Amino acid sequence: MAEKLRARDMMSGGVQCVGAHQSLFDAAKMMRDLGVGCLPICGDNNKLTGLITDRDIVVKCCAEGVDPATVQAGSLNAKVHWIDAEAEATEVLATMEEHRIKRLPVIDVKSGHRLVGMITEANLAKNLSDEQIAEFASRVYATAP
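Worth saying up front: this structure is predicted, and the values here are computed from it rather than measured.

Caption draft 1: Examining the state of the cysteines more closely. In total, this model carries one disulfide according to the counting rule given. Each sulfur of the disulfide joining Cys 17 and Cys 42 lies 2.1 Å from the other. Of this pair, Cys 17 sits in the loop between strand 1 (12-13) and strand 2 (18-19) while Cys 42 sits in strand 3 (residues 38-42); the two residues are 25 residues apart in sequence, bridging distant segments of the chain. Residue classification places Cys 42 among the buried residues on the basis of a relative accessible area of 5%.

Caption draft 2: Structural view of the environment of Arg 103. Among the secondary structure elements, Arg 103 is positioned in strand 6 (residues 103-108). With relative accessibility at 30%, the residue Arg 103 sits in the partly exposed group. Along the sequence, Arg 103 and Asn 123 sit 20 residues apart, while their C-alpha atoms lie 9.6 Å from each other. If sequence neighbours within four positions are ignored, Arg 103 has contacts with Gly 37, Cys 38, Leu 51, Thr 53, Met 96, Met 118, Ile 119 and Thr 120.

Caption draft 3: Spotlight on the pattern of salt bridges. What the rule picks out here adds up to seven salt bridges. Among the salt bridges present, the one from Glu 86 reaches Arg 8, with a minimum N-O distance of 2.7 Å. Placement of Glu 86 in the loop between strand 5 (83-84) and helix 4 (89-99) and of Arg 8 in helix 1 (residues 7-10) is noted, with a sequence separation of 78 residues between them. One salt bridge in this structure joins Asp 56 and Lys 60, with 3.7 Å as the shortest N-O distance. Here Asp 56 pairs with Lys 60, and both are found in helix 3 (residues 54-60), just four residues apart, close to one helical turn. Given the relative accessible area of 46%, Lys 60 is considered partly exposed. What emerges from the salt-bridge pattern is a single network uniting Arg 8, Glu 86 and Asp 108.

Caption draft 4: Main features of the sheet that holds strand 4 (residues 48-53). With respect to topology, three strands assemble into an open sheet ordered 2-3-4, the strand pairing being mixed. The open sheet terminates on both sides in strands that have one partner only, identified here as strand 2 and strand 4. Running over the sheet, helix 2 (residues 24-34) touches strand 2, strand 3 and strand 4 and is turned about 130 degrees from strand 3.

Reading guide: rules and limits
- Residues numbered from 1 in each chain as written.
- Predicted model: local features only at pLDDT ≥ 70, side-chain atom pairs only at ≥ 80, totals over all residues.
- Heavy atoms only, no water.
- Disulfide = S-S within 2.5 Å.
- Helix = DSSP H or I, 4+ residues; strand = E, 2+ residues; numbered from the N terminus.
- Buried < 20%, exposed > 50% of the residue type's maximum accessible area, 1.4 Å probe, protein only.
- Contact = heavy atoms within 4.5 Å.
- Salt bridge = Lys/Arg side-chain N within 4 Å of Asp/Glu carboxyl O.
- Pairing = 2+ DSSP bridges.
- Axes fitted to C-alpha atoms, helices over the stretch in contact; angles between N-to-C directions.

Next up, the structure:
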């Protein structure tokens, strides 16, 4: 990994948010249309408020017998971890490992705290060494002690 590799160099750009007031049904359709399994949730001010995964929709809504068209995406908000676009790749990896997460929103702090991208496992695979990928996998996928 190059010493100066930054989060913005690793991320996938063009990320689309689901609105906090949109339904889980809308979120599921967006995921299908975009070919993704996770969407950022943005509030009325277009700022990141959370993430929602396809698994969240299935487990927390459908499996409970709730109609996804009646549930707002924002209701599934949980603590969201993010990284500054200027953070070094080592910080990206450390953040994902520490919080055992597979997706990390990238925020451009200097430009109004805007969501500019997402770093996923695929981005890591394209930008990190095999050794770093193995270490990441062992830390994120290992069962808790």
